[in-house]
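# Chain and residue survey
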Amino acid sequence: MNGRNALFLIALNVLCTWTLAQNAAPNAPAAACLKAAEVNHLQLYGLWRAEFAGEPQGAVLQLEKHPEFAESVKGTIRRDGAQAQVVGDVDEGVFTLEESIDGRNIAATWNGQVVEASCGKEIRGTWKNTANGAERAFILRKQPGWQ
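Here is a short report on the structure shown in this document. Since the model is a prediction, treat every value here as computed from it, not as a measurement.

For the chain, the helix and strand inventory stands at 2 helices and 8 strands. Helices (α) and strands (β) of the chain occur, in sequence order from the N terminus, as α-α-β-β-β-β-β-β-β-β. When the 147 residues of the chain are sorted by exposure, 30% land in the buried category. Intrachain contacts of the chain at a sequence separation of at least 6 include 35% that bridge at least 24 residues. On the chain, roughly 9700 Å² of surface is accessible, and the fraction owed to carbon and sulfur atoms is 56%.

Okay, structure coming up:
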């Protein structure tokens, strides 16, 4: 009887292992993609590539946690060999950013929308130079390697 119980338990273990293997990762759904309205400051952290309509050269933004405002970001933008500071946020899919060359005066504003099917990795909108009013459409794309 002891051998019979052992054989039964081994068969049961094999059956359970086989059943669990059938339900493993290949059939598991992919991680949920955030809707545009669900994107918050945490998804803004990282490296972004900016493209501007009518301009062959883009820019690179590095966004990090803002040291003073919990739900905002702070960082830098590098464009044409120059660097400026940026601060901003996103609220219910609406993205705003202010750009400053000297850290005091606003040189440009960014207003945009998180693209709905982008999982928070693409933002489109308008960049505006505050000195002369010039506007450019922009596309921000989060760079690979950043969640």
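The structure having been displayed, the exposition proceeds.
Within the closed barrel, the 8 strands sit side by side as S1-S2-S3-S4-S5-S6-S7-S8. Their pairing is antiparallel. Taken over all neighbouring pairs, the strand axes of this sheet differ in orientation by 30° on average, direction set aside. Pairing of strand S1 (residues 46-52) with strand S8 (residues 135-142), which is carried by 5 bridges, proceeds in the antiparallel orientation. For Glu-51, the partnering residue across the bridge sits in S8 and is Ile-139.

This part takes up the state of the cysteines. Under the defined criterion, the tally for this structure stands at 1 disulfide. Sulfur-sulfur distance for the disulfide between Cys-33 and Cys-119 comes to 1.9 Å. Between Cys-33 and Cys-119 the disulfide shows an S-S torsion of about -125°. By sign, it is left-handed. Remark: Cys-119 occurs in the loop between strand S6 (108-114) and strand S7 (122-129) and Cys-33 occurs in the loop between helix H1 (2-22) and helix H2 (41-44); sequence separation between them is 86 residues.

With that settled, the discussion passes to the pairing of S6. Bridging between strand S5 (residues 94-100) and S6 involves 6 bridges; their strand directions are antiparallel. Its bridge partner lying in S6, Thr-96 is registered against Asn-111. Relative to S7, S6 runs antiparallel, the two sharing 7 bridges. Residue pairing in the sheet places Ala-108 in a bridge with Asn-129 of S7.

Here we come to the packing of aromatic side chains. A complete count under the given rule lists 4 aromatic pairs for this structure. Pairing Phe-95 with Phe-138 gives two aromatic rings, centres 6.4 Å apart and planes at 65°, and the pair type is edge-to-face. Of this pair, Phe-95 sits in strand S5 while Phe-138 is found in strand S8, placing the two residues 43 residues apart along the sequence. One aromatic cluster in this structure is built from Phe-52, Phe-95, Trp-110, Trp-127 and Phe-138.

The next subject is the nonpolar core. Formed by 23 residues in total, the largest nonpolar core has its most connected members in Leu-61, Phe-95, Trp-110 and Leu-140. Among the elements of the structure, S1, strand S2 (59-65), strand S3 (73-79), strand S4 (82-91), S5, S6, S7 and S8 are those that each provide at least two residues to this core. Apart from the residues lying within four places of it in its own chain, the contact partners of Leu-61 are Gly-46, Leu-47, Trp-48, Ala-50, Thr-76, Ile-77, Leu-97, Trp-110 and Leu-140.

We now examine the pattern of salt bridges. Following the criterion strictly, the structure yields 6 salt bridges and no others. For Asp-102, the salt bridge is made with Arg-104, and the minimal N-O distance between the two is 3.9 Å. A salt bridge links Glu-122 to Arg-124; the shortest N-O distance between them is 2.6 Å. Since its relative accessible area comes to 14%, Glu-122 is described here as buried. Judged by its relative accessible area of 40%, Arg-124 falls in the partly exposed class. In the salt-bridge network here, residues are joined through shared partners; they are Glu-51, Glu-122, Arg-124 and Arg-141.

What counts as what
- Residues numbered from 1 in each chain as written.
- Predicted model: local features only at pLDDT ≥ 70, side-chain atom pairs only at ≥ 80, totals over all residues.
- Heavy atoms only, no water.
- Helix = DSSP H or I, 4+ residues; strand = E, 2+ residues; numbered from the N terminus.
- Buried < 20%, exposed > 50% of the residue type's maximum accessible area, 1.4 Å probe, protein only.
- Contact = heavy atoms within 4.5 Å.
- Areas by Shrake-Rupley, 256 points an atom, 1.4 Å probe, with all protein chains shown as cover.
- Pairing = 2+ DSSP bridges.
- Axes fitted to C-alpha atoms, helices over the stretch in contact; angles between N-to-C directions.
- Disulfide = S-S within 2.5 Å.
- Phe/Tyr/Trp six-rings, centres within 6.5 Å; stacked < 30°, edge-to-face > 60°.
- Core = buried A, V, L, I, M, F, W, Y, C linked by side-chain atoms within 4.5 Å.
- Salt bridge = Lys/Arg side-chain N within 4 Å of Asp/Glu carboxyl O.

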